[in-house]
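Structure assessment
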Amino acid sequence: MGRVAIFSSLVIVAAVISSIASYQVKPANYAKLVEKQQKFDESFEKEFYVEHTKYVETGERSERLEEMFEHIRQKPDMFRLEMDNHPLPYLTAECTACRALVTTYLTYRRVLGWDRDRIAAQAASTCESLNILTPPNCLKIVNKNIDILLYIIDNRPSLTAQTICGIIFQSGTCVLQDPAFLNWSINVQPGGRPITASKTTPNRGAGDLKIIHITDVHYDPHYRTGYNAVCGEPCCCREGQGIPTNPADGAGEWGDYRDCDSPWKAVEDAVRAAARQHPDAAYIYYTGDIIDHGVWETTVAGNIVSMTRTYQLFRDVFGSKPVYTVLGNHENNPTNVFAPSYIDRSDFSARWLYDFSADQWSSWLPTATQQTIRQGGFYTVLVRPGFRIIGMNNNDAYTFNWWILYDPAYLQAQLQWVHDTLLQAEAAGEKVHILAHIPIGAGTSYRTWARQYRRILDRFWDVITAHFHGHTHADEFNVFYSLANPQHAISVGFNGGGTVPFSNYNPNYVVYYVNPQTYDVTDFESWYFSLTEANQNPNRNPIWMQLYSFSRDFQLSNVSPASLDGLVRRFASNPTDLRRYWEFKVKRGDPFIAAGCDGDCLLNHLCEIVTNEANDDTKCNALAAIFRNLDDELFNEEK
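Just so we're clear, the structure is a prediction, and the values are computed from it rather than from any experiment. (Residues numbered from 1 in each chain as written. Predicted model: local features only at pLDDT ≥ 70, side-chain atom pairs only at ≥ 80, totals over all residues. Heavy atoms only, no water.)

Regarding the sheet that holds strand 4 (residues 379-384)
In space, the 6 strands of this open sheet follow the order 4-5-6-7-9-8, with mixed pairing throughout. One side of each edge strand has no neighbouring strand; the edge strands of this open sheet are strand 4 and strand 8 (477-481). Neighbouring strand axes in the sheet, compared pairwise and without regard to direction, differ in orientation by 25° on average. Bridge count between strand 5 (residues 387-391) and strand 6 (residues 431-435): 5 bridges; the pairing is parallel. In the strand pairing of strand 6, F387 is matched with K431. Where helix 14 (residues 412-427) meets the sheet, its contacts fall on strand 4, strand 5, strand 6 and strand 7 (464-469), and the angle it forms with strand 5 comes to roughly 180°. (Pairing = 2+ DSSP bridges. Helix = DSSP H or I, 4+ residues; strand = E, 2+ residues; numbered from the N terminus. Axes fitted to C-alpha atoms, helices over the stretch in contact; angles between N-to-C directions. Contact = heavy atoms within 4.5 Å.)

Written out as structure tokens, the structure reads:
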């Protein structure tokens, strides 16, 4: 989301977004529309700077400036959507806003010499006038991020608005063109088994291991039952936001479909329910985001309290069973911002988080993992002979991590480590599960990073047996296709959904069945409860039910890349099956079901399954050709 300035709305939007919709299918005449939009953006950018400068000098906004602000004003319902999930006309306007406002603020800083406090005050004023947060909270979120942003801008004088917006949006007229951000690469060792077909795996067996996948609890220590769930800010149901006049607008006992995080009792219930219903599980995966969405007032001390309480809950509930966890983008303070290890300023560095995580995770991980966790929040562990886990911190490649703008090549180090670890695993005859918070290859994964990861996956496709993600709060999967041979499906990314309802979801967790010889996922099932029903019965615990058993519900013999690739093609020709998948993906959240999902909506969800890299629409276009003819009305908006 990012329709205001780099110093205000981009900061806020980046901090609170969470995927709910899906990939956006582009119309057939997309290239022509982008060309037309490019001309509009160039004109808008120049005019906006002139009008905004007049406003700064006089204190009065012209009628034309008000019109321009209206064009870029943030729609409240966009707060709950990941950037690449925004409708194309709206995403286009956001790109326009980014270029205009970033150019304006860069000029104020570099040409007019505005100091830190003046920029902060102006950015907070913009945030307030666009109704993004309350005035005090606007100032809080700006102050959390502005010193980092100014440091980056001041030390990278060649950084332009086009590059900044190209990193964040990666689409439309915000296309990344700077070679420094496009041309870095890692060293991939030749070899490996050639990819000659889509990967097949065993069927589910009686002796399969069980793994519980919990993710995105988003515990909010400020959640209060009955408090305002329609507060007009990106995160509601919190003390300080008041009790609404209409009781229907009050937060539920067990959480709320609206833009609210989880009370502690809901976090605890989800973890205990998973342990109670699956006592035979061998391992637990947790793929990040313990911290709430109240990003304007998070603190290091507060984050430590929430994380400590959550990790202790895992220890208390699962006992001696190992919990393999990775960091979410919300764990750091400020949210999303993960500096290079060589940045040693205490107010910029994430070292506090890495040291804290190393200490907390030491009850589940061997001493050998300490070095890389303290270095960058990632690790590898040999779980049992022949089976290894790699826990990545891919938050550094999230397009809202400002430090990509400072030094994109710093992302090479962890990717090279992943490659080298896989090379050693291959030599030892080990199979590997990859844990990462942000879905690898999603539209908000930095494109160059995603391309380099695909090179790794092509090389080690038969070593990596599965990926496990969080972040989106959706119960979904992604099929990875070979970069060199796009017709071949070579891996699957499974998403655990989330126990948090933010926004419109029912809470869930996922259980995987894993072959004990090959360590392939052979089947998976999801468990959830109806938030509506739970809140109607606030004095008893929620009733957890099976949402689906995947192979059974879709008549599959296994969930191999080859099998799921076939299912995706079935979805393209069978909207009934695709709609069933969508209902499972949104976990039958009542607001989603009530709103429905039309043909365009279903196609967007279908394309998200097969998109491995921003702007690589090849697989999507092939499926769209089967599903229906592309409709230009998707992107038909007067400019």
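Overview of the state of the cysteines
All chains considered together, the criterion is met by 7 disulfides. A disulfide bridge connects C231 with C236, and the sulfur atoms are separated by 2.1 Å. Taking the sign of the torsion about the S-S bond as the criterion, the disulfide between C231 and C236, at about -80°, is left-handed. Residue C236 is classed as buried on the basis of its relative accessible area of 2%. Between C235, a free cysteine, and C260, which holds the nearest cysteine sulfur, the sulfur-to-sulfur gap is 6.5 Å. Since its relative accessible area comes to 0%, C235 is described here as buried. (Disulfide = S-S within 2.5 Å. Buried < 20%, exposed > 50% of the residue type's maximum accessible area, 1.4 Å probe, protein only.)

Details of the pattern of salt bridges
Throughout the structure, instances matching the rule amount to 37 salt bridges. For R204, the salt bridge goes to D523, with nearest N and O atoms at 3.0 Å. With a gap of 319 residues between them, R204 in the loop between helix 8 (179-182) and strand 1 (209-214) and D523 in strand 11 (residues 521-528) connect regions that are remote in the sequence. Using a relative accessible area of 39% as the deciding quantity, one classes R204 as partly exposed. With relative accessibility at 4%, the residue D523 sits in the buried group. (Salt bridge = Lys/Arg side-chain N within 4 Å of Asp/Glu carboxyl O.)

Quick look at helix 7 (residues 161-169)
Of all 9 residues in helix 7, 9 are buried; the element is thus mostly enclosed. Taken together, the buried positions of helix 7 are A161, Q162, T163, I164, C165, G166, I167, I168 and F169.

Looking at the domain arrangement of the chain
By the assigned domains, the chain splits into domain 1 (10-181) and domain 2 (209-223 + 261-571). Each of domain 1 and domain 2 has a C-alpha centre, and the two are 30 Å apart. Between domain 1 and domain 2, the contact holds 34 residues from the first and 36 residues from the second. When domain 1 packs against domain 2, close to 3300 Å² is buried across both sides, 63% of that on carbon and sulfur atoms. At the junction of domain 1 and domain 2, the tally comes to 0 salt bridges. (Domains from an automatic or database assignment. Buried area = accessible area lost by both parts, 1.4 Å probe.)

Comments concerning the environment of R224
Among the secondary structure elements, R224 is positioned in the loop between strand 1 and helix 9 (264-277). Distance from R224 to V317, taken between C-alpha atoms, is 25 Å for residues 93 residues apart in sequence. Those residues in contact with R224 that lie beyond four places of it in its chain are C237, E239 and A251. At 3.3 Å, the side chain of R224 forms a polar contact with the side chain of E239. (Polar contact = N/O pair within 3.5 Å; in protein donor to acceptor, adjacent residues only side chain to side chain.)

Observations regarding the pairing of strand 10 (residues 508-514)
Counted residue by residue, strand 10 has 7 buried out of 7 residues, so it is predominantly covered. Where burial is concerned, the two faces of strand 10 agree: the one with N508, V510, Y512 and V514 and the one with Y509, V511 and Y513 are both buried. Pairing analysis gives 5 bridges linking strand 1 to strand 10, with the strands arranged antiparallel. Bridging from a neighbouring strand, H213 pairs with V510 of strand 10. Bridge analysis of strand 10 against strand 11 gives 7 bridges, and the strand direction is antiparallel. Bridging from a neighbouring strand, Y509 pairs with W527 of strand 11. Linking strand 10 back to strand 11 in an antiparallel pair, the connection comprises 6 residues, with Y519 at a positive phi of about 65°.

A word on the UniProt feature "binding site: Zn(2+) 1" (unreviewed entry) in the chain
UniProt feature "binding site: Zn(2+) 1" (unreviewed entry): in the numbering of this structure it lies at D216, H218, D289 and H473. Judged by maximum C-alpha separation, these annotated positions cover 258 residues in sequence but sit close together in space, the widest gap being only 10.3 Å. The residue H218 is located in the loop between strand 1 and helix 9 in this model. Residue classification places H218 among the buried positions, given a relative accessible area of 0%. Setting aside residues up to four positions removed in sequence, H218 forms contacts with D261, S262, D289, I290, I291, D292, H293, H330, H473 and V500. Structurally, the position occupied by D289 is in the loop between strand 2 (283-286) and helix 10 (300-318). Given a relative accessible area of 1%, D289 falls into the buried group. Leave out the neighbours within four places in its chain, and D289 touches D216, V217, H218, G328, N329, H330, E331, H437 and H471. (UniProt positions renumbered as here; feature names shortened; annotations may be inferred.)

Notes on helix 5 (residues 116-129)
Side chains that are three or four residues apart share a direction in an α-helix, a result of its 3.6 residues per turn. For helix 5, built from 14 residues, the straight-helix expectation of 20 Å at 1.5 Å per residue is met to within 8% by its first-to-last C-alpha distance of 20 Å. Turning to helix 5, its buried residues number three or more, namely I119, A120, Q122, A123, A124, T126 and C127. Directly after helix 5, the chain includes N131, whose backbone phi takes a positive value near 60°. (Expected span 1.5 Å × (residues − 1).)

Details of the sheet that holds strand 10
The strand order across the open sheet formed by 6 strands is 3-2-1-10-11-12, and the pairing between neighbours is mixed. Across the chains shown, the open sheet's two edge strands, defined by having one partner strand only, are strand 3 (323-325) and strand 12 (545-549). Put simply, the sheet's adjacent strands are angled 25° from each other on average, direction ignored. In the sheet, strand 2 pairs with strand 3 via 3 bridges, with the strands oriented parallel. Note on strand 3: the bridge partner recorded for Y286 is T325.

Focus: the packing of aromatic side chains
With the rule as written, the count across this model stands at 45 aromatic pairs. The interplanar angle of 45° and the centroid separation of 6.2 Å between the aromatic rings of Y49 and Y108 together place this pair among those described as tilted. Placement of Y49 in helix 2 (residues 30-58) and of Y108 in helix 4 (residues 88-110) is noted, with a sequence separation of 59 residues between them. Relative accessible area serves as the criterion here: at 25%, Y49 is assigned to the partly exposed category. We note K587 situated over the ring of Y505; from NZ or CZ to the ring centre the distance is 4.8 Å. Residue placement shows K619 over the ring face of Y481; its charged tip is 4.1 Å from the ring centre. (Phe/Tyr/Trp six-rings, centres within 6.5 Å; stacked < 30°, edge-to-face > 60°. Lys NZ or Arg CZ within 6 Å of the ring centre and 35° of its normal.)

Remarks on the pairing of strand 2
Residue alternation in strand 2 divides its side chains into two sets, Y283 and Y285 and I284 and Y286, and both sets are buried. Pairing of strand 1 with strand 2 involves 4 bridges; the strand directions are parallel. Within the sheet, the bridge partner assigned to I214 lies in strand 2 and is Y286. Read as a crossover between parallel neighbours, the route from strand 1 over helix 9 to strand 2 is right-handed. (Right-handed = clockwise from strand over helix to strand, strands pointing away.)

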